[in-house]
Amino acid sequence: MTTYEETCYSTVKDAIESRHSIRKFSDSPIPQETLREILDLVRLSPSAWNLQPWQFHVVTDTDLKMRLQEAAYGQQQVTSAAAVIMVASDMENISANLMATVHPGLPPERKEEEVANLSGFFNNMSVEERGQWGLTQTNIALGFLLLAIQGAGFASVPMLGFDQEKVKEILGLPNHIRFAAMVPIGLAAAEGYPHHRFDLDKIATFH
Ligand SMILES: Cc1cc2nc3c(=O)[nH]c(=O)nc-3n(C[C@H](O)[C@H](O)[C@H](O)COP(=O)(O)O)c2cc1C
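Small disclaimer: the values here were computed from a predicted structure and weren't measured.

(A) A look at the packing of helix α3 (residues 32–42) against helix α8 (residues 127–151). Closest axis-to-axis distance for the α3/α8 pair is 9 Å, and the angle between their directions is 140°. As judged from the angle between their axes, α3 and α8 are oblique. α3 and α8 meet at a crossing whose hand is right-handed. Here α3 contributes Ile 38, Leu 39, Leu 41 and Val 42 to the contact with α8, which in turn contributes Ala 141, Phe 144, Leu 145, Ala 148 and Ile 149. Considering only residue class, the contact of α3 with α8 consists of nine nonpolar, no polar and no charged.

Spelled out as structure tokens, the structure:
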């Protein structure tokens with residue numbers, strides 16, 4: 001079986017420059033080991049206070065992919081892909097288990113202090129506000145995921161064009177879950193569109 005290390009050819013620059021949204025994939029499956037290696041890299045994404053609110057639901061089952069496609073208003077790339085990764089955020093789980101996020105190297109009293117501070121911050125928010133906050137962090141992991149997929153020699157397309165409630169129902173997830181994206185992934189069977197982006201001078205100011 002080919003491992004991530006063997007297929008990985010990209011530098012970060014290559015991965016960023018060569019990534020395009022791909023909406024048609026070959027029939028080849030992706031070994032679960034490769035999917036695990038990609039997500040093992042994404043695990044290293046940074047987040048505020050290191051809270052890591054992301055959860056990844058990897059769907060390879062044909063029937064489930066068909067149901068996800070339906071929830072995505074029929075977008076064909078969902079069933080064309082070997083796998084679909086739902087990038088979710090679960091802030092209710094994280095805010096109920098804050099101690100798990102505190103660095104193990106801290107002395108016990110500092111850990112307690114950290115948890116008390118974070119609890120104060122998150123207890124002042126509604127479930128909806130915590131959900132939105134979690135998404136700001138989970139989107140960082142989404143960016144890492146797109147590049148890790150590209151770096152491993154696969155293609156993807158990030159998607160938000162789907163009914164979040166329907167996807168929660170399909171995957172049996174609780175109501176408070178928020179999704180950063182649905183990400184179909186596979187071997188590319190079509191070219192993406194050329195990059196169309198603003199010039200650097202429009203988006204960057206050097207002070
Ligand atoms: C958050 C997000 C949601 C998106 N939703 C969809 C979608 O539902 N369907 C789709 O075909 N493309 C979707 N796209 C892909 C964008 O159209 C695409 O990234 C953009 O046009 C730039 O093209 P590129 O990815 O090829 O560089 C989405 C992209 C992002 C980042």
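(B) Expanded view of the site of the ligand. With respect to spatial proximity, 13 residues lie near the ligand, and among them Ser 21, Arg 23, Gln 75, Gly 161 and Arg 197 are the closest. Residue Arg 23 places a side-chain N or O atom 2.7 Å away from an oxygen atom belonging to the ligand. Arg 197 is positioned with one of its side-chain polar atoms (N or O) 2.7 Å from an oxygen atom of the ligand. Burial of the ligand by the protein chains amounts to 63% of its free accessible area of 620 Å². Along the lines of polarity and charge, the residues of the shell around the ligand split into four nonpolar, six polar and three charged.

(C) Structural context of the packing of aromatic side chains. Summed over the entire model, instances satisfying the criterion amount to six aromatic pairs. Ring geometry for Trp 49 versus Phe 121: centroids 5.0 Å apart, planes at 70°, classification edge-to-face. Of this pair, Trp 49 sits in the loop between α3 and β1 (54–59) while Phe 121 sits in helix α7 (residues 108–123), placing them 72 residues apart in sequence. Note on Trp 49: relative accessible area 41%, which makes it partly exposed. Judged by centre distance (6.0 Å) and plane angle (80°), the ring pair of Trp 49 and Phe 122 falls under edge-to-face. Taken as a pair, Trp 49 in the loop between α3 and β1 and Phe 122 in helix α7 lie far apart in primary sequence, 73 residues in all. The structure contains a cluster of three or more aromatic residues connected by ring pairs, namely Trp 49, Phe 121, Phe 122 and Trp 133.

Conventions adopted
- Residues numbered from 1 in each chain as written.
- Predicted model: local features only at pLDDT ≥ 70, side-chain atom pairs only at ≥ 80, totals over all residues.
- Heavy atoms only, no water.
- Axes fitted to C-alpha atoms, helices over the stretch in contact; angles between N-to-C directions.
- Helix = DSSP H or I, 4+ residues; strand = E, 2+ residues; numbered from the N terminus.
- Parallel < 35°, antiparallel > 145°, perpendicular 65-115°, else oblique.
- Left-handed = near helix turned anticlockwise from the far one by under 90°.
- Contact = heavy atoms within 4.5 Å.
- Nonpolar A, V, L, I, M, F, W, Y, C, P; charged D, E, K, R; others polar.
- Near = heavy atom within 4 Å.
- Polar contact = N/O pair within 3.5 Å; in protein donor to acceptor, adjacent residues only side chain to side chain.
- Areas by Shrake-Rupley, 256 points an atom, 1.4 Å probe, with all protein chains shown as cover.
- Phe/Tyr/Trp six-rings, centres within 6.5 Å; stacked < 30°, edge-to-face > 60°.
- Buried < 20%, exposed > 50% of the residue type's maximum accessible area, 1.4 Å probe, protein only.

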